[in-house]
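A look at the structure
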Amino acid sequence: MGPLTMLLFGCGGAPPPPAEQPEPARPEEPAPGAEPTPEAALGVEAPEAEPAATTPSAAPRRDDSVPDDYALMHGDCVDLGKQLTALTRTEQVAALSAKLTPEQRGETEKKIDAVAATLGEQYAQACEQNVGKHVDPRSLKCAFDARSVRAFEACLNAPPPAK
């Protein structure tokens, strides 16, 4: 027989018997007195949890902590100035009278923006004098998390914690 004949005969005939399918896993019976899960009550299998290695929370975490001997950097001053600008603007706009016309409100907000930006820039420039000096990292975090100008100032003007 030639290869072609074997090929033709090899394709004919009965198909191979189906491979045995493994029996689906049955959910474990709950312990006596335990309430069944909603999936078990409906006869539905709960999806299996994915391995921990593929979940985002299992990814190696970046250490964002700031060392105790942290020195103030230029970027910190810029960001603190931006934070002060944003807080000042938010507080001043919130304090505007509801009686202002839309035109008056728009003009007033432009002035507030200018003044807030100036305050933020002035703060950032004054901060630059302290670049390279050691600062308490908790006071910086406090200032960045502050929700008011008063809280911002309190964070940066607080006495250092006793050791």
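Given the structure is predicted, the values throughout are model-derived calculations rather than measurements. (Residues numbered from 1 in each chain as written. Predicted model: local features only at pLDDT ≥ 70, side-chain atom pairs only at ≥ 80, totals over all residues. Heavy atoms only, no water.)

With that settled, consider the nonpolar core. Counting 13 residues, the largest nonpolar core has L72, L80, L87, C127, L140, A143 and F152 as its most contacted members. Elements supplying a minimum of two residues to this core: α3 (74-94), α5 (137-145) and α6 (149-157). The leading source of residues in this core is α3, at four residues. When sequence neighbours within four positions are dropped, the list of residues in contact with L87 reads A146, R147, S148, V149 and F152. (Core = buried A, V, L, I, M, F, W, Y, C linked by side-chain atoms within 4.5 Å. Buried < 20%, exposed > 50% of the residue type's maximum accessible area, 1.4 Å probe, protein only. Helix = DSSP H or I, 4+ residues; strand = E, 2+ residues; numbered from the N terminus. Contact = heavy atoms within 4.5 Å.)

Okay, α6 next. When we look at burial in α6, the residues that qualify are V149, F152 and C155. Relative to the axis of α6, the buried residues are bounded by an arc of 125° and lie together on one face. Exposed residues pointing more than 90 degrees away from the buried face of α6 are listed as R150 and N157. On the buried face of α6, the contacting elements are α3, α4 (102-127) and α5. (Arc of directions from axis to C-beta.)

Moving on to the state of the cysteines. Think of a disulfide as a covalent bridge from one cysteine sulfur atom to another cysteine sulfur atom. In this structure the tally under the stated criterion is two disulfides. Covalently, C77 is tied to C127 through a disulfide, its sulfur atoms 2.0 Å apart. Negative torsions about the S-S bond denote left-handed disulfides, and the value of about -70° found for C77 with C127 makes this one left-handed. One end of the pair, C77, is in helix α3; the other, C127, is in helix α4, and 50 residues separate them in sequence. Judged by relative accessible area, which is 0%, C77 ranks as buried. A disulfide bridge connects C142 with C155, and the sulfur atoms are separated by 1.8 Å. Residues C142 and C155 share a disulfide whose torsion about the S-S bond is about -50°; that sign makes it left-handed. (Disulfide = S-S within 2.5 Å.)

Take α5 next. For α5, the set of buried residues is P137, S139, L140 and A143. Relative to the axis of α5, the buried residues are bounded by an arc of 160° and lie together on one face. Turned more than 90 degrees away from the buried face of α5, the exposed residues are R138 and K141. Structurally, α5 contributes buried residues whose contacts are with α3 and α6.

As a further point, take the pattern of salt bridges. What the rule picks out here adds up to six salt bridges. When the shortest N-O distance is used, the salt bridge between K110 and E107 registers 3.8 Å. In this pair, K110 and E107 both sit in helix α4, three residues apart, roughly one turn of the helix. A relative accessible area of 56% places K110 in the exposed class. For D136, the salt bridge goes to R138, with nearest N and O atoms at 3.3 Å. (Salt bridge = Lys/Arg side-chain N within 4 Å of Asp/Glu carboxyl O.)

Summing up the model confidence of the chain, the mean pLDDT is 75 and the portion of residues at 70 or higher is 56%. Considering only residues more than four positions removed or in separate chains, one finds that residues 1-16, a stretch of pLDDT under 50, has two contacts. This model gives residues 34-55 a pLDDT under 50, and the stretch forms seven contacts once residues within four places in sequence are excluded. (pLDDT = per-residue confidence, 0-100.)

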